[in-house]
Amino acid sequence: MFLCSLMRRLFPTAQPDKQGGADRILQVDPQTAIRWQAKGEAVIVDVREPHEHAAGHIPGAILNPLSQFDPSRVPVEPGKHLVFHCQGDMRCGPAAERMMAAGHTGTINRLRGGFSAWANAGGPVER
């Protein structure tokens, strides 16, 4: 509980606007995200810190750390699933909310279990 409170204080999220957006932030299981990536159907955004990304990352993932998250650095490619991930599924929520607050109108998929779950499910990893 303490970690969640600390994360909320360190990385405040935007309040939803009248139209919301929370209904467009979904959870996706690692197997589905792996399948999307293998078919070239996903844009994957890694919101971990650079040292975490350097230690191991999803091939092709775009590094955009939550500590410096910039929605303008997230490419939106029509017809592709936008997937945010972190280490264990704590930081991608605030990043997704910031993306929505910046005006993103599509769906954002949060990788359930984060990078750890991806690796444990057999997803490719670059080191």
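This structure is a prediction, so every number in the text was calculated from the model and none was measured.

A.B. asks: Would you explain the packing of aromatic side chains in this entry?
C.D. replies: Working definition: an aromatic ring pair is given by the centre-to-centre distance plus the angle between the planes. Summed over all chains, the structure comprises one aromatic pair. Taking the ring centre of Phe115 as reference, the NZ or CZ of Arg48 above it sits at 4.4 Å.

A.B. asks: It is not clear to me how the pattern of salt bridges should be interpreted in this structure. Could you clarify?
C.D. replies: Within the structure shown, the criterion is met by four salt bridges. Across the salt bridge formed by Glu52 and Arg91, the nearest N and O atoms sit 2.9 Å from each other. Separated by 39 residues along the polypeptide, Glu52 in helix H3 (residues 50–55) and Arg91 in the loop between strand S4 (81–85) and helix H4 (92–101) bring together distant segments of the chain. With a relative accessible area of 14%, Arg91 lands in the buried category. Arg110 is the partner of Asp89 in a salt bridge, and the nearest nitrogen-oxygen pair spans 3.0 Å. Of this pair, Asp89 sits in the loop between S4 and H4 while Arg110 sits in strand S5 (residues 108–111), and the two are 21 residues apart along the sequence.

Rules used in this analysis
Residues numbered from 1 in each chain as written. Predicted model: local features only at pLDDT ≥ 70, side-chain atom pairs only at ≥ 80, totals over all residues. Heavy atoms only, no water. Phe/Tyr/Trp six-rings, centres within 6.5 Å; stacked < 30°, edge-to-face > 60°. Lys NZ or Arg CZ within 6 Å of the ring centre and 35° of its normal. Salt bridge = Lys/Arg side-chain N within 4 Å of Asp/Glu carboxyl O. Helix = DSSP H or I, 4+ residues; strand = E, 2+ residues; numbered from the N terminus. Buried < 20%, exposed > 50% of the residue type's maximum accessible area, 1.4 Å probe, protein only.

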